[in-house]
Every structure is written in C-alpha cells, then in structure tokens.
Protein chains: 2
Amino acid sequence: MGAPEPTEGPLTAEELQLATRNRGLPLEALRYDRTPTGLHYLLVHFDIPDVDAAWRLQVGGNVSKALELSLDDLRARPRRTFPVTLECAGNGRARLFPRPISQPWLDEAVSTAEWTGTPLGGILEEAGLKPGTEELVFTGMDHGVEKGYEHDYARSLTAAEAMRPEILLAYEMNGQPLEPQHGFPLRLIVPGWYGMAHVKWLARIEAVTKPFEGYQQKMAYLYKQFSDDPGQPVGRIRPRALMIPPGFADFLSRRRTVERGRVEIVGRAWSGLGSIVQVELGVDGEWRLAKLGEPAGRFAWLRWTAEWDAAPGEHVLSCRAADSAGNIQPSEQPWNYQGMGDNLIQTVKVTVR
Amino acid sequence: MGAPEPTEGPLTAEELQLATRNRGLPLEALRYDRTPTGLHYLLVHFDIPDVDAAWRLQVGGNVSKALELSLDDLRARPRRTFPVTLECAGNGRARLFPRPISQPWLDEAVSTAEWTGTPLGGILEEAGLKPGTEELVFTGMDHGVEKGYEHDYARSLTAAEAMRPEILLAYEMNGQPLEPQHGFPLRLIVPGWYGMAHVKWLARIEAVTKPFEGYQQKMAYLYKQFSDDPGQPVGRIRPRALMIPPGFADFLSRRRTVERGRVEIVGRAWSGLGSIVQVELGVDGEWRLAKLGEPAGRFAWLRWTAEWDAAPGEHVLSCRAADSAGNIQPSEQPWNYQGMGDNLIQTVKVTVR
C-alpha cells in the first residue's frame, strides 16, 4: 500500500486520472488580478464531499468552551475580505527527474482569489484556548485513502501561527458563497502557505496538547530525499514568477508564435516568505530587470512587465523572482522525493516571425 | 506540420500540457442537477482571449441588413433560459487503442449548466437571410494554429439548423455573466450537439452561399479512419450514462472502497440523438435496469438510480444508456482516427468491505 517510487518513465494512467480531475490555471489567465472562480486552480485529494444543510463547525478539544457554529453564526462575526495567492505545494512536480508519481503539475497550480471570512483568532478567543495547547487541528469532510492510510483530510497549525490576524475561516470567494470544489460551506485560509494548509469543507477545529501526527501533516507534505526520510515540513510558498506566454499558441504543442517588434511581456510574481523585490526576464539566457507593479494585497501576487524587442527566429523566454527574505528561484531545481515546493524558473519557447 | 499518428505508447508531454490546462468534471459532481460554473468541463483550443469593452457582435454576409450588436442590444432581445448538457466530442479519447494524440479525456468531459440568451433565429430574421444562404459561419475571437493551419476558431451550421428555436446566443451561465473561459461576452449554444458547435467568444456571424470549408469544420471534427479519409462530420451527442463512483477513493488510483450492504448507485444519462429510454447498471457483467428520473429539461441529462446489494469482495460496476433513436452504448468502442464521439460504457472498480 506504499507509494510508487519516483520514475524516469513516461506519465502513468494514475497521473492522467488525476490530471483530468484537478485543474491548473491556463497561463493566459495570469492577466486577471483576481482569478475568476471557475479558472482557479484546484487540487482535491479525495472526492468533493456532499455537504448537508445541517452542517455546523465544531470547535473543541483543549478549550474552555466548546462551540458549535452555523454559517449564519460565522457570518455574524467580524468580516474581512482580501486577496490571497494560493499555490499547490506540488506545483512543478512533473518537471522533476525522476518524477514523483502524484498530481503531475507543470507550472500552473496557482491562482489569486478574494476571500471573505471571519478571523480564526476571534473564534479561538471565544472558545478560550486552555494552557498547554500546542496546536490546532483542522479537519475537513473529505475522506479517503492515501498510501494505505484511511483518514479525513486534516492539517494542524501551531497555536502561535493560528492566532495570526490574517488567518480566516472563509465562507466567500470572489464575493460569492464558496463553490463546492473550493470548500463549501467553509474553508481555512492561511495566507502565505501552500495550498495544503487551507483545509476545505472544514468540519471541526480541535485544540490539542501534543503535535498532530496525522497523515497529511507527518507523511504527505514533507521535503524529503527518500521514502523513510523523516523530512522537513512544507510550509510557506517559495518565490515564483510566471509570464503570460506571448503571441498565440499551437493547439497541441502550445508553442508560441509572436510578431516581430516591441512586445510587452506581462506576468505575476509572489512569495509566502517575503515581499517580491525583483523579477527578471530572461531572453535566450540573458537576464534583464522587469518593472514591478504594486501587489493587489499583502498576501497576493504582483504584476510585472518587461519590454522585449523581438527579432525573427527561435527564442527562449524565462522569468525568475526574488523575495525580501533573500530567496531567488533556482535555474536547476533541487530534487525532493515527493516533488514539494518546486519553483524552477518557467521557460517559454517562442517563434518570432 | 501534420498531426502525430495515433499511438500505442504512453502519454506524451503534449497531452499532459493539455490535460493540466483543460478540465474534466470530477465524477462525484454528477450529483448536481446543474453543474456549478467552476466545475463545468472545459476545452479551450488556443488561449482564452482578452475581450475588449468595445466588443460588438457582427452579423453580415448574405443578409439584407448587416447588424452590429452590443451586449446590451442582445440583452434587450427576447430572453430564454434552460439547462443544456454539453459534452466534448473527444470525451473518452484516451481509452482508445491506439490512442489519438490530443486532449486525453477519459470519461469526464461533460456538464450541464443553465444558459441564458436570445434565440439566434430572431437575430437572423432581423438581419434577413437572403436567398441562396446555405450556412451560417460562427467565428470566435480565439486565434491559433492547429496542424499547421493558422485560424480564428470557426464553425458553421446549415441555415435550417441555425433557425431551430433552441439555439441561443448566450450571455449568462448559471444566472451570471459568462466567465472568460466559457466565452465572455457571448457564446453560441447548440443544444444536442457536441461542444465544438458551441462557439465561444463569438465575434461574428456570416451568412454564406457555399458550405464552409474552415479547419474546425472540414478537418478537425470528423469521424475518419485514417489521415486522408474525408470522413463524416461530428454532430449530435451519442448516448452515454455515467455513475458517481460509490464509496470513497484512494487518492492516486481512484479505486473505490464501499461498505457492504444496500448501496444506491446514482448517475446521469443523456443523448443528443433522442431522449433516454433506458439505463442499465452492470454488476460484474450482469445487467439490471436502473430507475430513470425526469430530465431537467429537453436538452439536459436525467438522473438515474439503481440499487445494489454489495457483498464483500472485488467488483466491477458499469452503466450504459439507450436512447429513443435506437442507439445504445457499445461494450467495445468502434475506433476512429481522431477519437471523436466515443461513448464506451464506464467501468468502476470497487472493493466492498
């Protein structure tokens, strides 16, 4: 019941099944500051659950007062709205060699929506975390098996992290109630973290006095080098820039054709580890600075632009971002066993005519 | 610049690129009568175009009065709303052997949304089709290259077909303006036909006096047996039934686990060639009749249910539909060169415990 080892072989039937269910952002949709809901990337581990009208959020464990909250109860609490860039921790996995067998993302598992909810901290204060609380465990209604472990999807945050003011119990996305695939009726939003932390279809929050040992915490989302490596937890989003592929596409190869002359290359850049301080556009291996726009919010991507004087012929464009914490995207991706946190620079092949 | 030949080999990098851009319906979402917008399947040939606020629909060619219509103009015309089941003509392609190289759908390229628009016929009457009009050509704003042919996506309908009352110029989906990926600001809806007919990002309609010879009409969407076969046009949707895979999933294999005892299997069935008259559930190769619900509309799928007394062990479930035109889904899929109109019965492997 273990996982298949990373492979040097071609894509498997299992990876295809995942790729037809899950959804990346078509890269031209980087043009929208706020990703339309139906274009937002999506990674669902098990099935999208069918949520009952009787749903209530349970808050319990090591608290002074257990809570049971309806959606109306949550809507009656303080309300905050802001844009958040979410990225799947496995983005870029299918570019690794050998390739870990899981959802085979290339570059496209990122989006930015506007999320509305009530701060988690206020709810935890209402419940009253009792002394000794180390972590909060967030459990979704999605149930399944992964590598032989049957479980409800669950993730934890330390008590300190959970009290950060930007962490939301979100009930709206882009001004509408959540669609089923994005966690209706309620999901956790943990700005700056990879997608695995943003638990969808949230059923309960439990204060615990020991570190949570669940599958998604201690086995799935780790940086590790081999199967039994205890590894390091995956957390915040590493910096990445993506460009809108310029010109137009060939249907099958997605190769681009661009008219000669001055071309404005437009893209987005983000990091969960700091603010974006630099984006570079690479043209046939030569780097130049891009012009940075203002981020749409503290936890959202920014827009960047760079001019390119396109001469006829074959070219390779690339881009890379650096953040205020001193991280820059790698030209060669350090490998890890599960393909987590990859942020290899994007390359786009272009024919100028 | 031709197409690669169908292959007996594993999935290619080009197919993966398409699979991460395009989106199938996660099969558990068959539970919704009306597919939420963000769950609707999606096949985009080139890039999603960035539509200018100055957009106008042009109606011209062999007409008495050329028209130029804004979205407000179209909204001022008679308004109709009804549900329509759309399916990609390539659904099931990746189950063929040899496998045509294109978007590698398994079973999931189908959805049902509620579309709102004004009947095409009324607009054509306003423009006045002049004698000799054979076809109407519908051209989108999406531009690219396919098998060496650079073009704007375009499809035609015969004048008789175009005047059918159910054909809409649609500006809303599920009660909201179209999202960009579904054709904003306007798309054609041709109920009963495979997805290629429902031209998105509609820019112009032209009345022509000869059959349209465009790439998407005369080369792409054909039933053919070899590369140079002139083939037969792909048109209406063949019957198909799909079930919601019961129980819960393994993340990677999608294999299902079901608890023993009475299980209600639920699914959908549709046909563009007639009404659905029969759905059968197969259990380990033995067929039984399913119970049919009412279709949500004349051009929408119906819900079906079947009881299964699940005994511990390994089982294979399948389902198949038949329509009033005498079509039934095949147990062995007749092959065609481009993988069009496949409607092989679905099979779901289940472990009962």
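Sequence order as written defines the numbering, with residues in each chain counted from 1. Whichever chain is written first becomes A and whichever ligand is written first becomes 1, with later ones labelled in order. Given that this is a predicted model, residues contribute local features only at a pLDDT of at least 70 and side-chain atom pairs are listed and counted only at 80 or more, while totals for whole chains, interfaces and linings are drawn from all residues. Hydrogen atoms and water are omitted, and side-chain values are computed over all heavy atoms in the structure.

1. Some words on the overall build of chain A
Helix and strand content of chain A: 5 helices and 22 strands. Taking 2.2 N^0.38 as the reference for a compact globule, 353 residues should give roughly 20 Å; the C-alpha atoms of chain A span a radius of gyration of 21 Å, in line with that estimate. Referenced to the eigenvectors of the C-alpha coordinate spread, the extents of chain A come out at roughly 70 × 45 × 35 Å. Residue burial in chain A is summarised as follows: out of 353 residues, 63% are buried. Summed over all atoms, the accessible surface of chain A reaches about 13500 Å², with 50% contributed by carbon and sulfur. Counting rule for charge: Lys and Arg are taken as positive, Asp and Glu as negative, and neither His nor the chain ends is counted. For the purpose of locating charges, the reference atoms are NZ of Lys, CZ of Arg, CG of Asp and CD of Glu. When the 39 positive and 45 negative side-chain charges of chain A are each reduced to one mean point, those points stand 3 Å apart. Strands here mean DSSP runs of E at least two residues long; helices mean DSSP runs of H or I at least four residues long; both are numbered from the N terminus. Computation of the radius of gyration draws on C-alpha atoms alone. For the globule rule, the value is 2.2 Å times the number of residues to the power 0.38. Categorising residues by exposure relies on relative accessible area from a 1.4 Å probe, with only protein chains included: less than 20% of the type maximum marks a residue as buried, more than 50% marks it as exposed, and the intermediate range marks it as partly exposed. Here the Shrake-Rupley method, with its probe set to 1.4 Å, supplies the accessible areas, and only the displayed protein chains count as covering residues.

2. Examining helix α1 (residues 13–21) of chain B
Residues of α1(B) that are buried: Glu15(B), Leu16(B), Leu18(B), Ala19(B), Thr20(B) and Arg21(B). Contacts between residues were defined by any pair of non-hydrogen atoms, one from each residue, lying within 4.5 Å. In this structure, the buried residues of α1(B) make contact with α1 (13–21) of chain A.

3. Concerning the interface of chain B and chain A
How big an interface is tends to be expressed through the accessible area that disappears when the partners come together. In this assembly, 58 residues from chain B lie in contact with 58 residues from chain A. The contact between chain B and chain A buries some 5100 Å² in all, and 57% of this surface belongs to carbon and sulfur atoms. Here a salt bridge means any side-chain nitrogen of Lys or Arg lying within 4 Å of a carboxyl oxygen belonging to Asp or Glu. At the boundary of chain B and chain A, one finds 10 salt bridges. The partner of Arg254(A) in a salt bridge is Asp47(B), with the nearest N and O atoms 3.6 Å apart. Pairs of N or O atoms within 3.5 Å make up the polar contacts considered here, provided that, within protein, one atom can donate a hydrogen while the other can accept it, and that residues adjacent in sequence are counted only when both atoms are side-chain atoms. Remark: the boundary between chain B and chain A carries 36 residue pairs in polar contact (both at pLDDT 80 or more). Secondary-structure elements contributing two or more residues to the side of chain B that touches chain A are α1, β5 (135–146) and β14 (248–250) of chain B. When two parts are put together, the accessible area they lose, computed with a 1.4 Å probe and summed over both, is reported as buried area.

4. Some thoughts on the pairing of strand β10 (residues 202–208) of chain B
Residue and element names in this part refer to chain B. For β10, a buried count of 5 out of 7 residues is recorded, marking the element as mostly surrounded by other parts of the structure. At least two DSSP bridges between two strands are needed for those strands to be called paired. Here strand β1 (residues 57–61) pairs with β10 via 4 bridges, running parallel. Of the residues in β10, the one forming a bridge with Gly60 is Glu206. Here β5 pairs with β10 via 6 bridges, running antiparallel. For Phe138, the partnering residue across the bridge sits in β10 and is Ile205.

5. A short note on unusual backbone geometry
Excluding glycine, a negative phi dihedral is what most residues carry, and trans is how most peptide bonds are arranged. All names here are of chain A. A cis amide bond links Phe184 with the next residue in sequence, Pro185, at an omega value of 5°. Within the chain, Trp201 stands out as a residue other than glycine whose phi angle is a positive 50°. Residue classification places Trp201 among the buried residues on the basis of a relative accessible area of 1%. A positive phi is found at Asp284, a non-glycine position, where the angle reads about 50°. Here Asp284 shows up in the loop between β17 (276–283) and β18 (286–289).

6. With respect to the pattern of salt bridges
Tallying each qualifying case throughout the model produces 40 salt bridges over all chains. Arg353(A) is the salt-bridge partner of Glu150(B), the closest N and O atoms lying 2.7 Å from each other. One end of the pair, Glu150(B), is in strand β6 (residues 149–158); the other, Arg353(A), is in the segment after β22 (346–352), on a second chain. Judged by relative accessible area, which is 36%, Glu150(B) ranks as partly exposed. For Arg353(A), a relative accessible area of 37% puts it in the partly exposed group. Among the ionic contacts, a cluster of salt bridges with common partners joins Glu161(A), Arg164(A), Glu166(A) and Arg236(A).

7. With respect to the environment of Phe212(B)
Residue and element names in this part refer to chain B. With respect to the element layout, Phe212 can be found in the loop between β10 and α5 (215–220). Separated by 55 residues in the primary sequence, Phe212 and Leu157 have C-alpha atoms spaced 8.8 Å apart. Beyond its immediate chain neighbours, meaning those up to four positions away, Phe212 contacts Glu135, Val137, Ala154, Arg155, Ser156, Gln217 and Lys218.

8. Overview of the relation of the copies chain B and chain A
In screw terms, the move from chain B to chain A is a rotation of 180° and a rise of 0.0 Å along the axis, fitting with an RMSD of 0.0 Å. What the superposition gives is, in effect, a two-fold axis relating one chain to the other. Distance from the rotation axis, computed per C-alpha, reaches its smallest value in chain B at Gly38(B): 1.7 Å. Mapped onto chain A, 100% of the interface residues of chain B are again interface residues, and the two copies thus contact each other with one and the same surface. Superposing the copies works by least squares over the C-alpha atoms of residues that have pLDDT at least 70 in both of them.

9. A closer look at the sheet that holds strand β13 (residues 240–243) of chain A
All names here are of chain A. Taking strand neighbours across the sheet as the criterion, the 4 strands line up as β13-β16-β20-β19 in an open arrangement whose pairing is antiparallel. Either end of the sheet is taken by a strand with one partner, and the two such strands are β13 and β19 (291–292). Here β13 runs beside strand β16 (residues 261–270); their pairing, made up of 4 bridges, is antiparallel. Residue pairing for β16: Leu242 is matched across the bridge by Arg268.

10. Structural notes on the domain arrangement of chain A
All names here are of chain A. What the domain assignment reports for chain A is domain 1 (13–233) and domain 2 (240–352). Each domain's extent is set by a domain assignment, obtained either automatically or from a database. Centre-to-centre separation of domain 1 and domain 2, based on C-alpha positions: 27 Å. Of the roughly 3000 Å² buried between domain 1 and domain 2, counting both surfaces, carbon and sulfur atoms make up 57%. Linking domain 1 to domain 2 there are 2 salt bridges. A salt bridge links Asp33 to Arg268, with the nearest nitrogen and oxygen atoms 3.0 Å apart. Only β3 (80–87), β4 (110–119), α5 (215–220) and β11 (222–223) provide two or more residues apiece to the side of domain 1 that touches domain 2. The element that contributes the greatest number of residues to the side of domain 1 that touches domain 2 is β3, accounting for 5 residues.

11. Describing the packing of aromatic side chains
Residue and element names in this part refer to chain A. Aromatic pairing here means that ring centres of Phe, Tyr or Trp (its six-membered ring) are within 6.5 Å. Orientation follows from the plane angle: under 30 degrees is stacked, over 60 is edge-to-face, and everything else is tilted. Summed over the entire model, instances satisfying the criterion amount to 10 aromatic pairs over all chains. Judged by centre distance (6.4 Å) and plane angle (85°), the ring pair of Trp335 and Tyr337 falls under edge-to-face. Residue Trp335 is classed as partly exposed on the basis of its relative accessible area of 25%. Here the guanidinium or amino end of Arg320 rests over the ring plane of Trp287, the centre of that ring lying 3.9 Å away. Note on geometry: a ring has a charge over it if NZ (lysine) or CZ (arginine) is within 6 Å of the ring centre and within 35 degrees of the ring normal.

12. Remarks on the pairing of strand β1 (residues 57–61) of chain A
All names here are of chain A. As judged from the 3 bridges shared by β1 and strand β2 (residues 67–69), these two strands associate in the antiparallel manner. The partner of Leu57 across the bridge, within β2, is Leu69. Here β1 hands over to β2 after 5 residues, the two strands then running antiparallel side by side.

13. With respect to the sheet that holds strand β16 (residues 261–270) of chain B
Judged by pairing direction, the sheet is antiparallel, and its 4 strands sit side by side in the order β13-β16-β20-β19 (chain B) without closing on themselves. Looking at strand neighbours, the two that pair on one side only are β13 (240–243) and β19 (291–292) of chain B, the edges of this open sheet.

14. Considering the confidence of the model for chain A
In the predicted model, chain A carries a mean pLDDT of 97, and 99% of its residues have values of at least 70. Of the two predicted TM-score estimates for the complex, the pTM is 0.97 and the ipTM is 0.96. pLDDT measures the predictor's confidence residue by residue and takes values from 0 up to 100.

15. Describing the side chain of Glu179(A)
Among the secondary structure elements, Glu179(A) is positioned in the loop between β8 (176–177) and β9 (187–189). Ignoring any residue separated from it by four or fewer positions in sequence, one finds Glu179(A) in contact with Thr37(A), Phe184(A), Pro36(B), Thr37(B), Gly38(B) and Leu39(B).

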